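The primary structure of each chain is shown beneath.
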Amino acid sequence: MNTTPIRAAAIVSDADGTPRSADYGDVYHSRAGALAQARHVFLDGDALAGRWRGRERFVVLETGFGLGNNFLATWAAWRADAQRSRQLHVVAIEGSPPSRVDLAGAARDPLLAPLAVELAEHWPPLTCNLHRIAFESGRVELLLALGDVAAWLPQLVGRVDAFFLDGFAPARNPAMWDARLFKAMARLAVPGATVATWTAARAVRDGLRSAGFAVENAPGTGGKRDITRGRFAPHFTPRAAARQARALSEARRAPASTTAGTRDSPGGEALPVVIVGAGLAGCALAQALAERGRSSLLLERGTAIALEGSGNAAGIFHGVVHRGDGRHARFHRAAAFAARAAVRDAIDRSQTRGSVAGLLRIASDGASRDELQATVDALGLPADYVRAVDANGASRLAGVPIAGAAWHFPHGGWVDPRGLAAAWLGSAGRRCQLRSCCSVASLARVDDRWTLRDANDETIATAETVVLCNAGGALDLLGRPPWPIEPQRGQVSSIEAARLPSGTVPRLPVAGAGYVLPEIDGAVWFGASAQWNDFDLSLRAGDHRANLGRFTRLVGTAAAPELAGMSGRTSLRWVSQDRLPVIGAVPAALALGAGSSVATKAPGRLDQPRVVPRAPGLYVFTALGSRGIASASLGAQILAAAIADAPAPVEADLLDAIDPARFLVRQFRRDEASRQAASPTFVQPPVGPMAGSAGA
Ligand SMILES: Cc1cc2nc3c(=O)[nH]c(=O)nc-3n(C[C@H](O)[C@H](O)[C@H](O)COP(=O)(O)OP(=O)(O)OC[C@H]3O[C@@H](n4cnc5c(N)ncnc54)[C@H](O)[C@@H]3O)c2cc1C
Ligand SMILES: C[S@@+](CC[C@H](N)C(=O)[O-])C[C@H]1O[C@@H](n2cnc3c(N)ncnc32)[C@H](O)[C@@H]1O
């Protein structure tokens, strides 16, 4: 999906205070009031109250989030209903979102006002992303897709119970209401899904009907005679759609199809998900599952959590800016947003050491401030996500001399990863059972379940859903699949702040070719070295020296501190060739190809990740590289959503980008290309009466 700059809405007020879009020339809600309209047209139109009763989750998709009144009214109604669903997910698309100031200043019904304050507090930077905002300890989730409806709909992964179509009148905004909207709705709708809209336009009703919705008139409100309601009841499912839905449910929703089967008894709790490895990935996943009402058993070979890759005293997190804004930059932007929310939460709730007050990244190619800002402007990225600063500006922010221009990520920061992992487990509470000193030696499929065994071949656990979060160890448990993932040794160094020349300790983390952190408990951490396939984790003086070089270059001091008195820590990063993590359901064919006991079925289609068949209930979450804090924060949300059958918190092409099946697909495409190169002869299509139309 291409990134488009997001421009804040130009909102004006009519004489009676009704908000109006200057761009579309239409009002955000009728004069009857936003709450009355939301209730009558959307909440009643979709019969939410009756339908979410007793459900595990309920998913609403809205086109045109606007000022969020429909969302707030839905949230308020959910809150007030003792029989509400456990989870409420609202996926809302908005092309011209209000600025934070306009959102906070919008007039609200007193019932919605307190919720509106919370919404404004969490309002994201306006970037072309699927922004996840969690309320009510995660029981209410808003996935705010900023960008055009036509671009977002094909990228959404999830199953929708109710649609709110609220994108200004079709006469004023025909582009939103075209056939692609209705087709996409049919792809996303569960059987019996409902739709409600303010408009009674004939073209909209026809469009809904042609997509399989049974449509009816309903009395309007606020001076409107008729509105439209509908129910998804297709006469037939097109073969292509059915095929794609089947593939998607295997690829993305293997757990969805097993969700019902994981219940011990009707209405009972699902069986715990077994997570192997309690580093950042495993602990983040335990929390994300708990948020969705799922319990987990977390198996860790160490004596405690986060003692390996995730055991550093502190680490940084921030986004990525790249001219092409490809999948790498987009994934890490989304991951940086997820990290900020997670770190902020951990600091607020668990007093975890860290900061979300910003980070500087010095341009490694010596680019000027104007060159950096030109990239930011071309991508339309807002200043509260990233802006370019010159050396003076960077020095002022950091409080130390910085030699060159830098990116300033106001929402980046640093955190103690062990503290973050502990905060995640604390927040999972009783929904996660940690078993330490428990090393998983093998994994096998026995009687439709996964059996995890120790080195003595004793069974540790059996489960329907297993997630391998054990870094490089995941590859061993999968029989060493031919994935391009390599270990990289890294050493960070630290020194007492008091031993450093004055004016060399930055206020913000400074990154570039290495990083320097602000003072933490009297020490300053900086680094880090990188050696491929080097498993020797003893500290090296040569690495300390190299880290000192990074320190002096980053904070612009010539006076390097002395080597004596330095300490440090080494561990391994697991890094994939494309520098993206590996997160998703394990392909059945790969497991089969590796000759391991996880094999379940024949390879099937391999031409794109989303159609590759999967081993049921088996997931991997590894190769977090040097961005473990951010990738763990987002990856856990992605996997928990897949396991709980909730809407995916990132777009489909980013799911493909991190999918473990991508390596298989690339190999398949390479093989196909060489097969074609080896036999370049043009194959003549058959001729004769069977070949084409009689008249041809
Ligand atoms: C020097 C250095 C500096 C870094 N700096 C940063 C930074 O500033 N910011 C950042 O975001 N990232 C940074 N990283 C990267 C980050 O630390 C990693 O990406 C992250 O910790 C990986 O987390 P993980 O949960 O995948 O792996 P780990 O933390 O290694 O967790 C895997 C867990 O699985 C357990 N395990 C393994 N096998 C088994 C088994 N068979 N049975 C049971 N348990 C098992 C292990 O004991 C371990 O606890 C840095 C890495 C290094 C090396
Ligand atoms: C009537 S307002 C929505 C009011 C909103 N539902 C509320 O509760 O406050 C219509 C919204 O649809 C958005 N919109 C219109 N066309 C769009 C498109 N093609 N893509 C994304 N958003 C669109 C507008 O920017 C506007 O915010």
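(A) Main features of the overall build of the protein. The number of helices and strands found in the protein is 21 helices and 32 strands. Its C-alpha atoms give the protein a radius of gyration of 27 Å, near enough to 26 Å, the size a compact globule of 696 residues would have. Here the C-alpha coordinates of the protein stretch approximately 80 × 65 × 60 Å along the principal axes. Per-residue burial over the protein gives 58% buried out of 696 residues. Within the protein, counting contacts between residues at least 6 apart in sequence, those at least 24 apart form 74% of the total. Just so you have it, the protein exposes about 28,400 Å², and 52% of that area is on carbon and sulfur atoms.

(B) Structural detail: the sheet that holds strand E19 (residues 413–415). Read from one edge to the other, the open sheet built from three strands follows the order E14-E19-E15, with strand pairing classed as antiparallel. The sheet terminates laterally at strand E14 (315–317) and strand E15 (354–355), the two strands that pair on one side only. As defined by bridge partners, E14 adjoins E19 across three bridges and the pair is classed as antiparallel. Opposite Gly 315, over in E19, you have Val 415 as the bridge partner. Sitting on the sheet, helix H12 (residues 327–350) is in contact with E14, E15 and E19, with an inclination near 130 degrees to E14.

(C) View of the site of ligand 1. Taken together, 34 residues lie around ligand 1, and Glu 300, Ser 310, Ile 316, Val 440 and Gly 625 are the ones closest in. Here Gly 625 contributes a backbone N or O atom positioned 2.7 Å from an oxygen atom of ligand 1. Here ligand 1 has 990 Å² of accessible area as a free molecule, and 95% of this is covered by the chains. Of all the secondary-structure elements, those providing two or more residues to the shell around ligand 1 are helix H11 (280–291), E14, strand E25 (485–496), strand E30 (567–576) and helix H19 (628–644). Among the elements that make up the shell around ligand 1, the one with the highest residue count is E25 (three residues). Class assignment for the residues of the shell around ligand 1 results in 15 nonpolar, 14 polar and five charged.

(D) Highlighting empty space enclosed by the protein. By the definition in use, this model includes three cavities of 30 Å³ or more. When its volume is computed, the second largest cavity comes out at roughly 90 Å³. The wall of the second largest cavity is formed by 13 residues, among which Val 91, Leu 156, Val 157, Gly 158 and Pro 647 lie closest to the centre. A class-by-class count of the residues in the lining of the second largest cavity yields eleven nonpolar, one polar and one charged.

(E) Summary view of the side chain of Ser 85. Take Ser 85: it is sitting in the loop between helix H3 (69–80) and strand E5 (87–94). Judged by relative accessible area, which is 0%, Ser 85 ranks as buried. The residues contacting Ser 85, other than those within four sequence positions of it, are Trp 52, Arg 55, Glu 56, Arg 57, Phe 58, Trp 78 and Arg 139.

(F) Here's a closer look at the site of ligand 2. Taken together, 22 residues lie near ligand 2, and Gly 64, Asn 70, Glu 94, Asp 166 and Asn 173 sit nearest. Contact distances for ligand 2 include 2.5 Å between an oxygen atom and a side-chain N or O atom of Glu 94. Within the side chain of Asp 148, a nitrogen or oxygen atom sits 3.0 Å from a nitrogen atom of ligand 2. Here ligand 2, which alone exposes 600 Å², has 98% of that area covered by the protein. Of the residues belonging to the shell around ligand 2, the class tally is eight nonpolar, ten polar and four charged.

(G) Structural context of helix H21 (residues 661–678). For H21, spanning 18 residues, the distance from its first C-alpha to its last is 26 Å, which sits close to the expected 26 Å at 1.5 Å a residue. For H21, the complete set of buried residues consists of Ala 661, Arg 662, Phe 663, Leu 664 and Val 665.

(H) Looking closely at the pattern of salt bridges. If you walk through the whole model with that rule in mind, you get 36 salt bridges. Note that Arg 132 and Glu 291 form a salt bridge whose closest N and O atoms lie 2.9 Å from each other. One end of the pair, Arg 132, is in strand E6 (residues 130–135); the other, Glu 291, is in helix H11, and 159 residues separate them in sequence. Close ionic contact of Glu 291 with Arg 292 constitutes a salt bridge, the shortest N to O distance being 3.8 Å. You'll find Glu 291 and Arg 292 in the same group, each marked buried. The network of salt bridges with common partners includes Asp 14, Asp 16, Arg 20 and Arg 31.

(I) Representation of unusual backbone geometry within the structure. A cis amide bond links Gly 527 to the next residue, Ala 528, at an omega of -5 degrees. The residue Ala 528 is located in the loop between strand E28 (523–527) and strand E29 (531–532) in this model. We note that Glu 136 has phi near 50 degrees; this positive angle belongs to a residue other than glycine. Within the element layout of this structure, Glu 136 appears in the loop between E6 and strand E7 (140–146). Of note in the backbone geometry, Ala 471 takes a positive phi value of approximately 45 degrees without being a glycine.

(J) How the structure looks around the sheet that holds strand E1 (residues 11–13). Pairing is antiparallel in the open sheet, where three strands are placed in the order E1-E2-E3. Whereas interior strands pair on both sides, the edge strands pair on one side only; in this sheet they are E1 and strand E3 (26–27). Strand direction decides the pairing type here: E1 and strand E2 (residues 19–21), joined by three bridges, are antiparallel. From the neighbouring strand, Ser 13 faces E2, where its bridge partner is Pro 19.

(K) Seen up close, the pairing of strand E11 (residues 226–232). Along E11, six of the seven residues are buried, which leaves the element largely enclosed by surrounding structure. Here four bridges tie strand E9 (residues 189–197) to E11, and the two strands are oriented antiparallel to one another. Within the sheet, the bridge partner assigned to Thr 194 lies in E11 and is Arg 231. From the end of strand E10 (residues 213–219) to the start of E11, which pair antiparallel, there are six residues, and Gly 222 there has a positive phi angle of about 60 degrees.

(L) Spatial organisation of the packing of aromatic side chains. Scanning all chains against the criterion turns up 15 aromatic pairs. Consider the rings of Phe 163 and Phe 213, whose centres lie 6.1 Å apart with planes at 85 degrees: the pair is edge-to-face. With Phe 163 in strand E8 (residues 160–165) and Phe 213 in strand E10, the pair connects residues that are 50 residues apart, well separated along the chain. The class for Phe 213 is buried, based on a relative accessible area of 2%. Judged by centre distance (5.0 Å) and plane angle (45 degrees), the ring pair of Phe 213 and Phe 232 falls under tilted. One end of the pair, Phe 213, is in strand E10; the other, Phe 232, is in strand E11, with 19 residues separating them in the sequence. In this structure Phe 232 comes out as buried when scored by relative accessible area, which is 9%. Pairwise contacts between aromatic rings join Phe 65, Phe 71, Trp 75, Trp 123 and Phe 135 into one cluster. Sitting above the plane of the Trp 198 ring, Lys 224 keeps its charged end 5.5 Å from the centroid. Positioned over the ring face of Trp 450 is Arg 445, at 4.7 Å from the centre of the ring.

The rules behind each value
- Residues numbered from 1 in each chain as written.
- Chains lettered and ligands numbered in written order.
- Predicted model: local features only at pLDDT ≥ 70, side-chain atom pairs only at ≥ 80, totals over all residues.
- Heavy atoms only, no water.
- Helix = DSSP H or I, 4+ residues; strand = E, 2+ residues; numbered from the N terminus.
- Rg over C-alpha atoms; globule rule 2.2 N^0.38 Å.
- Buried < 20%, exposed > 50% of the residue type's maximum accessible area, 1.4 Å probe, protein only.
- Contact = heavy atoms within 4.5 Å.
- Areas by Shrake-Rupley, 256 points an atom, 1.4 Å probe, with all protein chains shown as cover.
- Pairing = 2+ DSSP bridges.
- Axes fitted to C-alpha atoms, helices over the stretch in contact; angles between N-to-C directions.
- Near = heavy atom within 4 Å.
- Polar contact = N/O pair within 3.5 Å; in protein donor to acceptor, adjacent residues only side chain to side chain.
- Nonpolar A, V, L, I, M, F, W, Y, C, P; charged D, E, K, R; others polar.
- 1 Å grid on protein atoms, 1.4 Å probe; cavity = no way out; pocket = protein on both sides within 12 Å on 5 of 7 lines; lining within 4 Å.
- Points joined across faces, edges and corners; volume = space filled by probe spheres on them.
- Expected span 1.5 Å × (residues − 1).
- Salt bridge = Lys/Arg side-chain N within 4 Å of Asp/Glu carboxyl O.
- Phe/Tyr/Trp six-rings, centres within 6.5 Å; stacked < 30°, edge-to-face > 60°.
- Lys NZ or Arg CZ within 6 Å of the ring centre and 35° of its normal.

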